Amino acid sequence: MAQPGGRRMYLGMAGTALLLLGGCASHQRSNAKVDEEWVARVPQSQLGDVRQAQLTEDEAREQLPRARVATQDAEQALEVARRNEAAAKSRHEADALALKAAKETGDLAAIQKARGAACDSQHALTLAQAETAWRNDAVDTLKSLEVVRERELDVASAQLQQAQYEAVSANKDVRARDMSSGDFSSAVADARRRAADQQRQADERLQRENQAKAHWEQLRDQGYGGGGTQQAP
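Residues numbered from 1 in each chain as written. Predicted model: local features only at pLDDT ≥ 70, side-chain atom pairs only at ≥ 80, totals over all residues. Heavy atoms only, no water.

A. Structural view of the overall build of the chain. On a plain count of helices and strands, the chain comes out with five helices and zero strands. Reading the chain from its N end, one meets helices and strands in the order α-α-α-α-α. Within the chain, the fraction of its 233 residues that count as buried is 30%. Counted over contacts in the chain with a minimum sequence separation of 6, partners at least 24 positions apart contribute 86%. Accessible surface, the chain: about 14800 Å² in total, of which carbon and sulfur atoms supply 52%. (Helix = DSSP H or I, 4+ residues; strand = E, 2+ residues; numbered from the N terminus. Buried < 20%, exposed > 50% of the residue type's maximum accessible area, 1.4 Å probe, protein only. Contact = heavy atoms within 4.5 Å. Areas by Shrake-Rupley, 256 points an atom, 1.4 Å probe, with all protein chains shown as cover.)

B. Examining the confidence of the model for the chain more closely. Taken over all residues, the pLDDT of the chain has a mean of 84, while the share at 70 or more is 83%. Within the model, pLDDT remains below 50 along residues 6-30, and this stretch shows three contacts once partners closer than five positions in the same chain are excluded. Taken together, the stretch residues 227-233 has pLDDT below 50 and engages in 17 contacts with residues farther than four places along the chain or on a different chain. (pLDDT = per-residue confidence, 0-100.)

C. Here's a closer look at the nonpolar core. By size, the foremost hydrophobic cluster in this structure holds 16 residues, and its most contacted members are Val34, Val50, Val168 and Met179. Ranked by residues supplied to this core, first place goes to helix H4 (residues 108-170) with five residues. When residues no more than four places from it in sequence are discounted, the contact partners of Met179 are Ala32, Lys33, Val34, Trp38, Tyr165 and Phe184. Counting seven residues, the second largest nonpolar core, distinct from the first, contains Leu127, Trp134, Ala212 and Leu219. (Core = buried A, V, L, I, M, F, W, Y, C linked by side-chain atoms within 4.5 Å.)

D. Region of the structure containing the side chain of Thr71. Locating Thr71 in the fold gives a position in helix H3 (residues 48-105). Taking relative accessible area as the criterion, Thr71 reaches 3% and is therefore assigned buried. Within the structure, the side chain of Thr71 is placed 2.8 Å from the side chain of Glu146, a separation counted as a polar contact. Those residues in contact with Thr71 that sit more than four places away from it in its chain are Leu142, Lys143 and Glu146. (Polar contact = N/O pair within 3.5 Å; in protein donor to acceptor, adjacent residues only side chain to side chain.)

E. A look at the packing of H4 against helix H5 (residues 181-221). The N-to-C vectors of H4 and H5 enclose an angle of 165°; their axes lie 8 Å apart at closest approach. As the angle between them shows, H4 and H5 are arranged roughly antiparallel. Of the two possible hands of crossing, H4 and H5 adopt the one that is left-handed. (Axes fitted to C-alpha atoms, helices over the stretch in contact; angles between N-to-C directions. Parallel < 35°, antiparallel > 145°, perpendicular 65-115°, else oblique. Left-handed = near helix turned anticlockwise from the far one by under 90°.)

F. The environment of Asp49, seen in detail. Along the chain, Asp49 turns up in helix H3. For Asp49, a relative accessible area of 60% corresponds to the exposed category.

G. Spotlight on the packing of aromatic side chains. Taken as a whole, this structure holds two aromatic pairs when the rule is applied. When the ring of Tyr165 is compared with that of Phe184, the centres are 4.7 Å apart and the planes differ by 20°; the resulting orientation is stacked. You can see Tyr165 sitting in helix H4 and its partner Phe184 sitting in helix H5, a full 19 residues away along the chain. Exposure remark for Tyr165: the relative accessible area of 10% places this residue in the buried category. (Phe/Tyr/Trp six-rings, centres within 6.5 Å; stacked < 30°, edge-to-face > 60°.)

H. Examining the environment of Ala67 more closely. As for its placement among the helices and strands, Ala67 is situated in helix H3. Ala67 gets classed as buried once you look at its relative accessible area, which sits at 12%. Contact partners of Ala67, with chain neighbours within four places excluded, come to Glu146 and Arg149.

I. Main features of the pattern of salt bridges. For the structure shown, the criterion picks out nine salt bridges. For Arg149, the salt bridge identified is with Glu152, shortest N-O distance 3.1 Å. Of the two residues, Arg149 and Glu152 are both situated in helix H4; the distance of three residues between them amounts to about one turn of the helix. The partly exposed category is assigned to Glu152, whose relative accessible area is 33%. Here Asp197 and Arg200 are joined by a salt bridge, their closest N and O atoms 2.1 Å apart. Pair noted here: Asp197 and Arg200 are both in helix H5, with a separation of three residues, about one helical turn. For Asp197, a relative accessible area of 29% corresponds to the partly exposed category. In this structure, a network of salt bridges that share partners links the residues Arg193, Asp197 and Arg200. (Salt bridge = Lys/Arg side-chain N within 4 Å of Asp/Glu carboxyl O.)

Written out as structure tokens, the structure reads:
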């Protein structure tokens, strides 16, 4: 004859097992994914929304390599700007030493000539530093836009899954009964929220980049710089 204590222990263990199973089932539903084979059983005439969602996902995926190439180009331009800045710094240091030497001679003409060269190279260095700052911000912007494209692909993929679920469900596929339309709607909403957050970050970086570029252009238009430096595109 079973003891009451043993029965209570059994019921408690059984209840815990049910809770665990329920949690697993809930987790599986929240990560529900429609099998391609299920979609293949849906008549072509009922796949209009799926085809459109697939096209949107394909277009979003195509944007990823474009974004990466843009970032690579910006990184190359930044490297050129850094080399220009290093060259401008070396030139200004040499001019500063020449000015010091001229002052030691007491030759007024030599001092004035050396001072003019030092002033020009200082302006060139200031312009080069401003360009480097702009190019660096440009890289940050494009890297952020890369993530935007990834988040947009996430949105498109979630929408495709939602369209596939709706098509399979409308086709009375019993396997769709274990899924919830709310899970797919939530996945789309979450993907859109993450994409919007990332877009805001990219917009902030773009604003900072534009300010840095405007500062560089202002210096350039004021006549800072001079010949001899390699200009990045």
